[in-house]
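Here is how the chains run, residue by residue.
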Amino acid sequence: MKKRLFPVLAVLGAAILSSCLYDEPLAENSGIRIDPELLGLWERQPDDPSERADWMMVLKWSDTEYLVHQPAGDEGIYYRAYPIGPGGVSCIQLEVLGSGSGPVEEGSAGRFHVASCHLRDGQLVVKSINPELVAKELKTRKALQQAFLERRDDPHLFTEPMLFRRVAKATNPY
């Protein structure tokens with residue numbers, strides 16, 4: 001039986017994956033080079049100042065892939081991410097790799113997500129795919145691609161933006 005990824009994806013779930021986790025990727029790695037400006041430590045201030053700030057670390061995995069880490073409970077969640085451009089829409093395909101408990105089993109349900117990410121005025125702007133337009137119940141890549149492409153020009157294809165600011169590199173005293 002395939003396992004479902006539970007809402008243990010709390011932080012990235014709130015930040016990037018709040019809308020939909022899909023069983024299949026929208027697109028495979030198409031060889032688009034990563035943007036080195038997205039690399040680094042990013043922090044999102046919560047709407048409620050009494051809450052803890054969300055953060056994510058974006059590292060280079062290869063010339064065409066990122067490794068993204070987000071805290072979630074005591075373990076953290078790890079993602080492989082890569083730029084895609086289905087129908088001319090620039091976005092990022094994310095795949096859950098695992099957590100501090102270990103890797104996600106191959107074939108597990110709910111491992112994939114699509115987000116829009118770009119820099120604006122020194123901030124990282126992240127928008128999740130809108131589940132009202134591209135339903136999470138879509139189980140095949142073909143159905144997901146069809147729904148995405150049919151709505152690619154809709155201004156609401158992605159949700160309201162979440163803004164992250166770059167955390168300055170600490171000065172190494174040594």
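About the cut-offs
Residues numbered from 1 in each chain as written. Predicted model: local features only at pLDDT ≥ 70, side-chain atom pairs only at ≥ 80, totals over all residues. Heavy atoms only, no water. Pairing = 2+ DSSP bridges. Helix = DSSP H or I, 4+ residues; strand = E, 2+ residues; numbered from the N terminus. Polar contact = N/O pair within 3.5 Å; in protein donor to acceptor, adjacent residues only side chain to side chain. Salt bridge = Lys/Arg side-chain N within 4 Å of Asp/Glu carboxyl O. Buried < 20%, exposed > 50% of the residue type's maximum accessible area, 1.4 Å probe, protein only. Disulfide = S-S within 2.5 Å. Arc of directions from axis to C-beta. Core = buried A, V, L, I, M, F, W, Y, C linked by side-chain atoms within 4.5 Å.

Visitor: Give me the lowdown on the pairing of strand β2 (residues 54–62), citing residues and values where you can.
Guide: Relative to β2, strand β1 (residues 40–44) runs antiparallel, the two sharing five bridges. If you follow Gly40 over to β2, its bridge partner there is Val58. The antiparallel pairing of β2 with strand β3 (residues 65–70) creates a hairpin that spans two residues between the two strands.

Visitor: If you had to explain the side chain of Ser108 to someone new, which residues and values would you point to?
Guide: Of note, Ser108 is situated in the loop between β6 (102–103) and β7 (112–120). At 2.7 Å, the side chain of Ser108 forms a polar contact with the backbone oxygen of Glu105.

Visitor: Quick one: what's the story with the pattern of salt bridges, residue by residue and with numbers?
Guide: Throughout the structure, instances matching the rule amount to 11 salt bridges. Taking the shortest distance from any N to any O, the salt bridge between Arg33 and Asp63 comes out at 3.8 Å. Linking Arg33 in the loop between α1 (10–15) and β1 with Asp63 in the loop between β2 and β3, this pair joins segments that are 30 residues apart in sequence. In this structure Arg33 comes out as exposed when scored by relative accessible area, which is 60%. The salt bridge partner of Glu106 is Arg111, with a shortest N-O separation of 3.9 Å. Taking the relative accessible area as the measure of exposure, Glu106 reaches 72% and is therefore exposed. Each of Glu65, Arg80, Glu95, Glu106 and Arg111 takes part in a single network of salt bridges with overlapping partners.

Visitor: Residues and numbers for the state of the cysteines, please.
Guide: The tally for this structure, following the rule as stated, stands at zero disulfides. With no disulfide of its own, Cys91 has Cys117 as its nearest cysteine by sulfur position, at a separation of 9.0 Å. Judged by relative accessible area, Cys91 falls into the buried class, the value being 2%. Residue Cys117 is classed as partly exposed on the basis of its relative accessible area of 24%.

Visitor: Summarise the environment of Lys139; cite the residues concerned and give the values.
Guide: Mapped onto the elements, Lys139 comes out in the loop between β8 (123–128) and α2 (141–150). Under the relative-accessibility criterion, Lys139 is labelled partly exposed at 42%. Remark: the alpha-carbon pair of Lys139 and Glu24, spanning 115 residues in sequence, is separated by 6.8 Å. Here the side chain of Lys139 touches Asp23 through a polar contact of 3.3 Å, side chain to side chain.

Visitor: Give me unusual backbone geometry: which residues, what numbers.
Guide: The residue Asp121 is not glycine, and still its phi comes out positive at about 55 degrees. For Asp121, the location among the structural elements is in the loop between β7 and β8. According to the relative accessible area criterion, Asp121 is exposed, its value standing at 77%.

Visitor: Tell me about α2, and name the residues and values.
Guide: Listing the buried residues of α2 in full gives Leu144, Ala147 and Phe148. All buried residues of α2 fall inside an arc of 100 degrees around its axis, so they share one side. Away from the buried face of α2 by more than 90 degrees, exposed residues Lys142 and Glu150 are located.

Visitor: Any chance you could break down the nonpolar core for me, citing the residues and the numbers?
Guide: Ranked by size, the top nonpolar core spans 19 residues in total, and within it Met56, Tyr66, Val68, Leu124 and Phe164 carry the most contacts. Elements with a minimum of two residues in this core: β2, β3, β4 (77–84), β5 (91–99), β8 and β9 (162–166).

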